[in-house]
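The primary structure of each chain is shown beneath.
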Amino acid sequence: MFDGVFIHHLIEEMSYIKNIRINKVNRINDYEYFLILQNKQKLFFSLNSNNSHFRITTQDFVNSSKSSNLYQNLKRYLESGILTNITQYQNDRIIELNVISFDELGYKKEIKLVLEFFGRNANLILVDENNIIIDCLKKLFPTANDDRIILPKTIYKYPLSDKINPFETDTVLGFNNYQGVSSLCFEEIKYHNSIDVIKRATKPLIIKGTKTYFYCFEINFLKDSVITTYTSLSQLLESFYEQKNINASFNQEQDYLSNYIKKEIEKIYIGKRRFCS
């Protein structure tokens, strides 16, 4: 699934995206945005709790007619800037887009767009050259489990973790204390008793069995599965999440229709009772 190992492979696949101009920043909704790059490709990212991810796409989107302070800041600091690099923080689900931008007076600014793909805690954070937060999607206040503060004008800090980067060890652990390793990947590590499985050649695939999974390389421990391969990880993500959205829309329509029928039956039943009385 979309874990740190998958992101590691995805970043390698996107290694050609360097020193390229960001022509435009577009907003689809509060949680989904895309950057139109100089080469006409689009860098899409979703911070939606159910499908947080990012990918390269040529898909057309409907832009939102609404705006927000965050959207205006993204346009101000990123549009016409040069996307110099895309990196991953350790093996975590954190992506950084490094951008060289210029202010109204022509002074160079180094901006970072930090994308944290943490499910329901997914966040988008715009950071300046001094690591000061300019703006963010979700404000975060200290809790018992996390002392980070994510607020404008505060210093951006990475989340603390005691987990082990799997790309920096040869040890196979008895339980999953690896950074950015999903349960799917961990089961494959245990199956082969080797951490080296995460260094396999990239092979984008969707695996359909009792459940449907996607991953960046072959998964051998899942038997009797139907496997569909793709030419790129971005193409895989587009296919998977498009189908997921279609299924969600279909289920929503089914629920609406079911509720409508129930209400109509109740009206008929109540009408008959009144007629009989």
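Our structure's up above, just so we're on the same page.
Here the structure is a predicted model, which is why all the values come from computation and not from measurement.

Caption draft 1: Looking closely at the sheet that holds strand β3 (residues 42-46). Ordered in space as β4-β3-β2-β1-β5-β6-β7-β8-β9, the nine strands form an open sheet in which the pairing is antiparallel. In this open sheet, the two edge strands, each paired with only one partner strand, are β4 (53-57) and β9 (133-136). Adjacent strand axes in the sheet meet at a mean angle of 25 degrees when their direction is disregarded. Strands β4, β5 (82-88) and β6 (94-102) of the sheet are contacted by helix α1 (residues 4-13), whose axis makes an angle of about 145 degrees with β5. With respect to the sheet, helix α2 (residues 69-78) is in contact with β1 (20-29), β2 (32-37), β6, β7 (108-116), β8 (123-127) and β9, its orientation differing from that of β1 by roughly 170 degrees.

Caption draft 2: A look at unusual backbone geometry. Phi at Lys40 is positive, roughly 75 degrees, even though this residue is not glycine. Positive phi values are uncommon outside glycine, yet Asp224 reaches one of about 55 degrees. Tracing the backbone through its elements, the reader meets Asp224 in the loop between β11 (212-215) and β12 (226-229).

Caption draft 3: The arrangement of the packing of aromatic side chains in detail. A complete count under the given rule lists 17 aromatic pairs for this structure. Judged by centre distance (5.6 Å) and plane angle (50 degrees), the rings of Phe2 and Phe6 are tilted. Assigned by exposure class, Phe2 and Phe6 land together as buried. An angle of 65 degrees between the planes, with centres 4.6 Å apart, marks the rings of Phe214 and Phe240 as edge-to-face. Highlighted residues: Phe214 in strand β11 and Phe240 in helix α4 (residues 233-276), separated in sequence by 26 residues. By the burial criterion, Phe214 is buried, and Phe240 matches it. Linked through ring pairs, Phe2, Phe6, Phe54, Phe117, Phe214, Tyr215, Phe217, Phe240 and Tyr241 together constitute an aromatic cluster.

Caption draft 4: Quick peek at the sheet that holds β12. If you walk across this open sheet you meet the three strands as β11-β10-β12, and the pairing is antiparallel. Each end of this open sheet is capped by a strand with a single partner; those strands are β11 and β12. Each strand of the sheet is rotated relative to its neighbour by a mean of 20 degrees, with strand direction disregarded. Pairing between strand β10 (residues 205-208) and β11: four bridges, direction antiparallel. Bridged to Leu205 within β11 is Tyr215.

Caption draft 5: Geometry of helix α3 (residues 183-192). Every buried residue of α3 is accounted for by Leu184, Cys185, Phe186, Glu188 and Ile189. In this structure, the buried side of α3 is in contact with α1 and β11. Looking one or two places after α3, you find Asn193, whose phi comes out positive at around 50 degrees.

Caption draft 6: Structural detail: α1. Extensive coverage of α1 is indicated by the burial of seven of its ten residues. Buried residues of α1: Gly4, Val5, Phe6, Ile7, His9, Leu10 and Ile11, and no others. For α1, the side-chain oxygen to backbone nitrogen distance between the N-cap and Val5 is 3.3 Å, and the N-cap itself is Asp3.

Conventions we followed
- Residues numbered from 1 in each chain as written.
- Predicted model: local features only at pLDDT ≥ 70, side-chain atom pairs only at ≥ 80, totals over all residues.
- Heavy atoms only, no water.
- Pairing = 2+ DSSP bridges.
- Helix = DSSP H or I, 4+ residues; strand = E, 2+ residues; numbered from the N terminus.
- Axes fitted to C-alpha atoms, helices over the stretch in contact; angles between N-to-C directions.
- Contact = heavy atoms within 4.5 Å.
- Phe/Tyr/Trp six-rings, centres within 6.5 Å; stacked < 30°, edge-to-face > 60°.
- Buried < 20%, exposed > 50% of the residue type's maximum accessible area, 1.4 Å probe, protein only.
- Polar contact = N/O pair within 3.5 Å; in protein donor to acceptor, adjacent residues only side chain to side chain.

That is the geometry; function is a separate question.
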